[in-house]
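These are the residues of each chain, in order.
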Amino acid sequence: MRSENTPFRGGPLDGRVLPILLGPTGHPPKWYEVPVPAHDGNPPRVYAYRREPAGYTKRLGLQRGWVYEYAPGGRERRELRWPWSKPGGGRRASTRPNESERTSPNESGRVSPNE
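Keep in mind the model is a prediction, meaning the values are calculated, not measured.

K.L.:
Teacher, can you tell me more about the overall build of the chain here?
P.N.:
Summing up its helical and strand segments, the chain has one helix and seven strands in all. Each helix and strand of the chain, placed in order from N terminus to C terminus, yields the pattern β-β-β-β-β-α-β-β.

K.L.:
Where do I start with the sheet that holds strand β4 (residues 45–53) in this structure?
P.N.:
Pairing between sheet strands relies on hydrogen bonds along the backbone, with the strands arranged either parallel or antiparallel. Spatially, five strands are ordered β2-β1-β5-β4-β3 in an open sheet, and the strand pairing comes out mixed. Every interior strand has two partners, whereas the edge strands, β2 (17–21) and β3 (31–36), have only one. Averaged over neighbouring strand pairs, the angle between their axes works out to 35 degrees when direction is ignored. As paired strands, strand β1 (residues 3–9) and strand β5 (residues 66–71) are joined by two bridges and run parallel to one another. Along β5, the bridge assignment pairs Phe8 with Tyr68.

K.L.:
Looking at this structure, I do not really get the pattern of salt bridges. What am I missing?
P.N.:
A pair can form between side chains of opposite charge whenever their charged atoms are brought close. Per the counting criterion, the structure on display carries three salt bridges. Here Glu69 and Arg9 are joined by a salt bridge, their closest N and O atoms 3.1 Å apart. Highlighted residues: Glu69 in strand β5 and Arg9 in strand β1, separated in sequence by 60 residues. For Arg9, a relative accessible area of 39% corresponds to the partly exposed category. Of the charged contacts in the structure, one is a salt bridge between Glu52 and Arg50, with a shortest N-O distance of 2.9 Å.

K.L.:
Explanation requested: a nonpolar patch on the surface in the structure shown.
P.N.:
On the surface, Leu80, Trp82 and Trp84 cluster together into a nonpolar patch covering about 430 Å² of accessible area. In this structure, Trp84 sits in the loop between β5 and α1 (99–102).

K.L.:
Quick question: what am I supposed to make of the side chain of Arg51 here?
P.N.:
With respect to the element layout, Arg51 can be found in strand β4. Buried and unpaired, Arg51 has Glu52 as its nearest opposite-charge partner, separated by 8.1 Å. At 2.6 Å, the side chain of Arg51 forms a polar contact with the backbone oxygen of Pro28. Not counting the four nearest positions on each side in its chain, Arg51 is found in contact with His27, Pro28, Pro29, Lys30, Trp66, Val67 and Tyr68.

K.L.:
In this structure, what is going on with the nonpolar core? I would like to understand it.
P.N.:
Nonpolar side chains in soluble globular proteins generally cluster together in the buried interior. Of all hydrophobic cores here, the largest spans seven residues; its members are Phe8, Leu13, Ile20, Val34, Tyr47, Tyr49 and Tyr68. In this view, Val34 contacts Leu13, Arg45, Val46, Tyr47 and Tyr49; residues no more than four positions away in its chain are not counted.

K.L.:
Can you help me understand the pairing of β1 in this one?
P.N.:
A regular strand places its side chains on the two faces of the sheet in alternate fashion. Relative to β2, β1 runs antiparallel, the two sharing five bridges. When the bridges of β2 are listed, Ser3 appears paired with Leu21.

What counts, and at which threshold
- Each chain has its residues counted from 1, following the order in which its sequence is written.
- For this predicted model, a pLDDT threshold of at least 70 governs which residues receive local features, and a threshold of 80 or more governs which side-chain atom pairs are given and counted, while totals over whole chains, interfaces and linings are taken from all residues.
- In computing side-chain values, all of the structure's heavy atoms are included and hydrogens and water are not.
- Put simply, DSSP H or I for four residues or longer makes a helix, DSSP E for two residues or longer makes a strand, and each gets a number counted from the N terminus.
- Here, any two strands with at least 2 DSSP bridges between them count as paired.
- Here an axis means a line fitted to C-alpha atoms, over the contact stretch when the element is a helix, while the angle between two N-to-C directions is reported on a 0 to 180 degree scale.
- Any carboxyl oxygen of Asp or Glu that lies within 4 Å of a side-chain nitrogen of Lys or Arg is treated as forming a salt bridge with it.
- Exposure classes here rest on a 1.4 Å probe applied to the protein chains alone. A residue is buried below 20% of its type maximum, exposed above 50%, and partly exposed in between.
- Nonpolar side chains (Val, Leu, Ile, Met, Phe, Trp, Tyr) are joined into patches within 5 Å and like charges within 9 Å, using only residues with over 30% relative accessible area and no salt bridge.
- Calculation of accessible area relied on Shrake-Rupley with a 1.4 Å probe; when residues are assessed, cover is drawn exclusively from the protein chains displayed.
- Neither His nor the chain ends is counted toward charge; the positive residues are Lys and Arg and the negative residues Asp and Glu.
- N or O atoms closer than or at 3.5 Å make up a polar contact, with two conditions inside protein: a donor-capable atom paired with an acceptor-capable one, and, for residues adjacent in sequence, both atoms drawn from side chains.
- Pairs of residues are marked as contacts when any of their non-hydrogen atoms sit within 4.5 Å.
- Nonpolar cores were defined as sets of buried Ala, Val, Leu, Ile, Met, Phe, Trp, Tyr and Cys residues, with membership established by side-chain atoms within 4.5 Å.

These figures capture arrangement, not role.
Below is the structure:
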């Protein structure tokens, strides 16, 4: 597999250039995570870096490559968006009334549906 020397900006790897394996499209991964093991009673940590364009050429505006920027908040979690899903997904509360709200007893003691 091919690799590309990619610079890092910010965080503990600031200024370092590491060889990063390229994917099948020829690009490095969008996120690069650096696990740091526990040491002297400190918990293990994971430093996250997000891939950003390194810059553009003046004349044609072509991209010059990639650089990894430190993301102090960690990796951004995103939910999958399928083309057949409605906006907002299935995360909202149900708008249907529960069983006690759907039926109420009338004068004769029978239960009839509300209208």
